[in-house]
Amino acid sequence: MDSSGALSQYSGTALYAAMVYAGVFVLRPRTSPLVGAAAALVFCWGVECFQLTGIPAALSARSMLARLALGVSFDPQDLLWYAVGVVPAVGVHAWLRRGAAPWTRRDGGS
């Protein structure tokens, strides 16, 4: 399987956004799913726009960690793919918060 294809690139972008969404709740657990989604998207879009400065590319040339966190170059399609990663995470999170998970006991027991 070719790991350099469009599906691989954009699924990685969506996964990055989903991880940022999850990171919002590590920092602020009581955040609502919609506020968390907005925060994740603003962060991801901010990082993507930061790539227009060339600074992430320069940092990425020296550090694999910077490359993974900041990327290298601006791709306008990534702006859409961030939402593709966040929207399903919001749906699952909202569903779990409602207590709809089959392993959740509604009687207060563990």
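Calculation criteria
Residues numbered from 1 in each chain as written. Predicted model: local features only at pLDDT ≥ 70, side-chain atom pairs only at ≥ 80, totals over all residues. Heavy atoms only, no water. pLDDT = per-residue confidence, 0-100. Helix = DSSP H or I, 4+ residues; strand = E, 2+ residues; numbered from the N terminus. Patch = residues over 30% accessible without salt bridge, like charges linked within 9 Å, V, L, I, M, F, W, Y side chains within 5 Å. Areas by Shrake-Rupley, 256 points an atom, 1.4 Å probe, with all protein chains shown as cover. Salt bridge = Lys/Arg side-chain N within 4 Å of Asp/Glu carboxyl O. Buried < 20%, exposed > 50% of the residue type's maximum accessible area, 1.4 Å probe, protein only. Axes fitted to C-alpha atoms, helices over the stretch in contact; angles between N-to-C directions. Parallel < 35°, antiparallel > 145°, perpendicular 65-115°, else oblique. Left-handed = near helix turned anticlockwise from the far one by under 90°. Contact = heavy atoms within 4.5 Å. Nonpolar A, V, L, I, M, F, W, Y, C, P; charged D, E, K, R; others polar. Polar contact = N/O pair within 3.5 Å; in protein donor to acceptor, adjacent residues only side chain to side chain. Phe/Tyr/Trp six-rings, centres within 6.5 Å; stacked < 30°, edge-to-face > 60°. Expected span 1.5 Å × (residues − 1). Arc of directions from axis to C-beta.

**Let's talk about the confidence of the model for the chain**
With 86% of its residues at a pLDDT of 70 or more, the chain has an overall mean of 89. Put simply, helix α4 (residues 64-70) is where the chain has its lowest mean pLDDT, 92, and helix α2 (residues 33-50) is where it has its highest, 97.

**A short note on a nonpolar patch on the surface**
Side chains of F50, I55 and L59 sit close together on the surface and give an oily, nonpolar patch of about 220 Å² of accessible area. Tracing the backbone shows L59 in helix α3 (residues 55-62). Residue L59 is classed as partly exposed on the basis of its relative accessible area of 33%.

**What about the packing of helix α1 (residues 6-27) against α2?**
α2 packs onto α1 with a crossing angle of 125° between their chain directions and a minimal axis gap of 9 Å. In terms of their interaxial angle, α1 and α2 are classed as oblique. Seen from above, α1 lies across α2 with right-handed handedness. Here α1 contributes Y16, A17, V20, Y21, V24 and F25 to the contact with α2, which in turn contributes P33, G36, A37, A39, A40, F43, C44 and V47. Split into classes, the residues belonging to the contact of α1 with α2 amount to 13 nonpolar, one polar and no charged.

**Brief notes about the environment of G46**
As for its placement among the helices and strands, G46 is situated in helix α2. Residue class for G46 comes out partly exposed when judged on its relative accessible area of 37%.

**A word on the side chain of S60**
Note that S60 resides in helix α3. A polar side-chain atom of S60 sits 2.7 Å from the main-chain carbonyl oxygen of P56. Here S60 is in contact with A66, R67, G71 and V72, once residues within four sequence places are set aside.

**Here we look at the packing of aromatic side chains**
Applying the stated criterion across every chain yields a total of three aromatic pairs. Aromatic side chains Y16 and Y82 sit 6.2 Å apart centroid to centroid with 50° between the ring planes, which places their arrangement in the tilted category. Linking Y16 in helix α1 with Y82 in helix α5 (residues 76-97), this pair joins segments that are 66 residues apart in sequence. Classification of Y16 by relative accessible area gives buried; the value is 17%. Each ring, one from Y21 and one from F25, has its centre 4.9 Å from the other, and the planes form 65°; the classification is edge-to-face. Placement of the pair is Y21 and F25 together in helix α1, with a separation of four residues, close to one helical turn. Its relative accessible area of 15% is what places F25 among the buried residues.

**Observations regarding α2**
Because an α-helix packs 3.6 residues into every turn, residues spaced three or four apart end up facing the same way. With 18 residues, α2 should reach 26 Å at 1.5 Å per residue; the first-to-last C-alpha distance of 25 Å fits that figure. Within α2, the full set of buried residues consists of P33, G36, A37, A40, L41, C44, V47 and E48. Burial along α2 is one-sided: seen end-on, the buried residues are contained in an arc of 130°. Counted as exposed and oriented over 90 degrees from the buried face of α2: L34, V35 and V42. Contacts made by the buried residues of α2 are with α1, α4 and α5.

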